[in-house]
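# Summary of the model geometry
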Amino acid sequence: MDLDDLKKDWQQTDVKVSIGEDKIKRMLGNKGQSAYEKLLKYEKLELALLIPALFVGTLFWLDSRCLSIFYSASVIAGGIWQWRKIKFLKKTDFLIMNILEVTERMNKYRTMLFSEIIAGIVWTFAFAGLICYISYHDRSWFVFWGGFVFISFFTFTTCFFIYKYLYYNNLKEIEQFERDNI
Amino acid sequence: MVQPDADKEFLDMVTSNEGIIFKVASFYANTENPISDLYQEIVLNLWKGFASFRGESKQSTWIYRIALNTCVSFYRRKKNDVFFVDITSDIVAPSDVSNNIKELYKLIDKLGKIERALVLLYLDEKTYKEISEITGLTVTNVATKLNRIKNKLKKMSNQ
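Note that this is a predicted model, so its numbers are computed, not measured.

## Observations concerning the overall build of chain B
Along chain B, the regular secondary structure elements total eight helices and zero strands. The buried share among the 159 residues of chain B stands at 55%. Considering only intrachain contacts with a sequence separation of at least 6, the fraction spanning at least 24 residues in chain B is 69%. Surface accessibility of chain B: about 7,500 Å² in total, with carbon and sulfur atoms responsible for 49%.

What follows is the structure in structure tokens.
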């Protein structure tokens, strides 16, 4: 197949899109929110949810200083991360940027989401481990270390499979893009 | 909400450039992101940028830039985020396309996002300078990449 030979055929292809003006008006008027704006909305919502989560969680684990500090520090770190993500998304301007810039930024955003998932899993198990430690550290050596090994193994395998799944579906495409264009 | 005086101008622009919007959307559509969703997303983004368009570049170049930016960045956190207007029946693929074009559509999936944009702009007779403006690649890079893509497509169609 020769791309140059295709040019004529391509330009002769008669595209007939018969979307009436009323439908276009409805598209724009009917809560016309683009996928990109929805993405931003979800990110802002997640940031807003962290505020009650900080107070409720800290109060809930108030009797354990260690848990309370770990939890509130994590939520604050999560909030900063979330704020940076929103700032990053807001800076992406379809109207000014070229395709290369937009693709690069969206790839970075996707990479941020994958890191977030991995960090989230590690955090969940670290938090569970900390709860176990506080609750069972005075129990037998076998129960404590058995629990520790089990949690570590479970964290590692879950992260491995999720990363592998994400890698083959998304990250490989991003790596390819970076190899070709950056 | 659409303002009465601006909407006529915008609707005229969309109607007269629906071919470009369709072609861009068709190059990036897949089962997860159907052409009708991409089409609407492009129209929405064009509308958002319409007020700031001052004619510094050609209208078609501006439309290409926004349409391609929309498609390369189209990402949904929720797969079931649906659009409000059903336009599936209004977008019908042209029936009289040549076998070569059909083959191109089969192969296009195997190309990267930037490569697809380059093919599309090349087929629509955009100059290397215009392609460079839209994509952000240098003119030399556009030429090199296009040559590479041409060879890649030839190889793929022979396989």
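## Here's the deal with a positive patch on the surface
Residues and elements named next belong to chain A. Taken together, the side chains of Arg84, Lys87, Lys91 and Lys108 present a region of like positive charge at the surface. Inspection of the secondary structure assignment puts Lys108 in helix H5 (residues 99-136). Judged by relative accessible area, Lys108 falls into the partly exposed class, the value being 48%.

## Section: the nonpolar core
If you look at the biggest cluster of nonpolar residues, it comprises 76 residues, and the most contacted ones within it are Phe10(B), Val24(B), Leu68(B), Leu104(B), Val119(B) and Leu153(B). Setting aside its immediate chain neighbours within four residues, Leu68(B) contacts Ile99(A), Val24(B), Tyr28(B), Ala117(B), Leu120(B), Leu121(B) and Ile134(B). Grouped together as the second largest cluster of nonpolar side chains are six residues, Trp61(A), Leu67(A), Val75(A) and Leu130(A) included.

## Details of the interface of chain A and chain B
The interface of chain A with chain B comprises 54 residues on the first partner and 73 residues on the second. For the pair chain A and chain B, the summed buried surface comes to about 6,000 Å²; carbon and sulfur atoms form 64% of the total. On the chain A side of the interface with chain B, the three residues burying the most area are Met1(A), Trp10(A) and Ile99(A), jointly 16% of the side's total. Linking chain A with chain B are three salt bridges, by the criterion used here. Glu37(A) is paired through a salt bridge with Lys48(B); the nearest N and O atoms lie 3.2 Å apart. The interface formed by chain A and chain B includes twelve residue pairs in polar contact (both at pLDDT 80 or more). In terms of residue class, the side of chain A that touches chain B is built from 25 nonpolar, eleven polar and 18 charged.

## As for helix H2 (residues 18-28) of chain B
Across the eleven residues of H2(B), ten count as buried, placing the element largely inside the fold. Within the sequence span of H2(B), burial applies to Glu18(B), Ile20(B), Ile21(B), Phe22(B), Lys23(B), Val24(B), Ala25(B), Ser26(B), Phe27(B) and Tyr28(B).

## What about the packing of aromatic side chains?
Taken as a whole, this structure holds twelve aromatic pairs over all chains when the rule is applied. Seen from their ring centres, Trp123(A) and Phe127(A) are 4.8 Å apart, and the 10° between their planes marks the pair as stacked. Taken together, the positions of Trp123(A) and Phe127(A), both in helix H5 and four residues apart, correspond to about one turn of that helix. Positioned above the aromatic ring of Tyr122(B) is the side chain of Lys7(A), whose terminal nitrogen or guanidinium carbon lies 4.1 Å from the ring centre.

## Thoughts on the side chain of Thr61(B)
Residues and elements named next belong to chain B. Structurally, the position occupied by Thr61 is in helix H4 (residues 59-73). On the basis of relative accessibility, which here comes to 4%, the residue Thr61 falls in the buried class. In this view, Thr61 contacts Lys126, Glu130, Glu133 and Ile134; residues no more than four positions away in its chain are not counted.

Rules behind the numbers
- Residues numbered from 1 in each chain as written.
- Chains lettered and ligands numbered in written order.
- Predicted model: local features only at pLDDT ≥ 70, side-chain atom pairs only at ≥ 80, totals over all residues.
- Heavy atoms only, no water.
- Helix = DSSP H or I, 4+ residues; strand = E, 2+ residues; numbered from the N terminus.
- Buried < 20%, exposed > 50% of the residue type's maximum accessible area, 1.4 Å probe, protein only.
- Contact = heavy atoms within 4.5 Å.
- Areas by Shrake-Rupley, 256 points an atom, 1.4 Å probe, with all protein chains shown as cover.
- Patch = residues over 30% accessible without salt bridge, like charges linked within 9 Å, V, L, I, M, F, W, Y side chains within 5 Å.
- Salt bridge = Lys/Arg side-chain N within 4 Å of Asp/Glu carboxyl O.
- Lys, Arg positive; Asp, Glu negative; His and termini not counted.
- Charge placed at Lys NZ, Arg CZ, Asp CG, Glu CD.
- Core = buried A, V, L, I, M, F, W, Y, C linked by side-chain atoms within 4.5 Å.
- Buried area = accessible area lost by both parts, 1.4 Å probe.
- Polar contact = N/O pair within 3.5 Å; in protein donor to acceptor, adjacent residues only side chain to side chain.
- Nonpolar A, V, L, I, M, F, W, Y, C, P; charged D, E, K, R; others polar.
- Phe/Tyr/Trp six-rings, centres within 6.5 Å; stacked < 30°, edge-to-face > 60°.
- Lys NZ or Arg CZ within 6 Å of the ring centre and 35° of its normal.

None of the figures reported here should be taken as evidence of function without further support.
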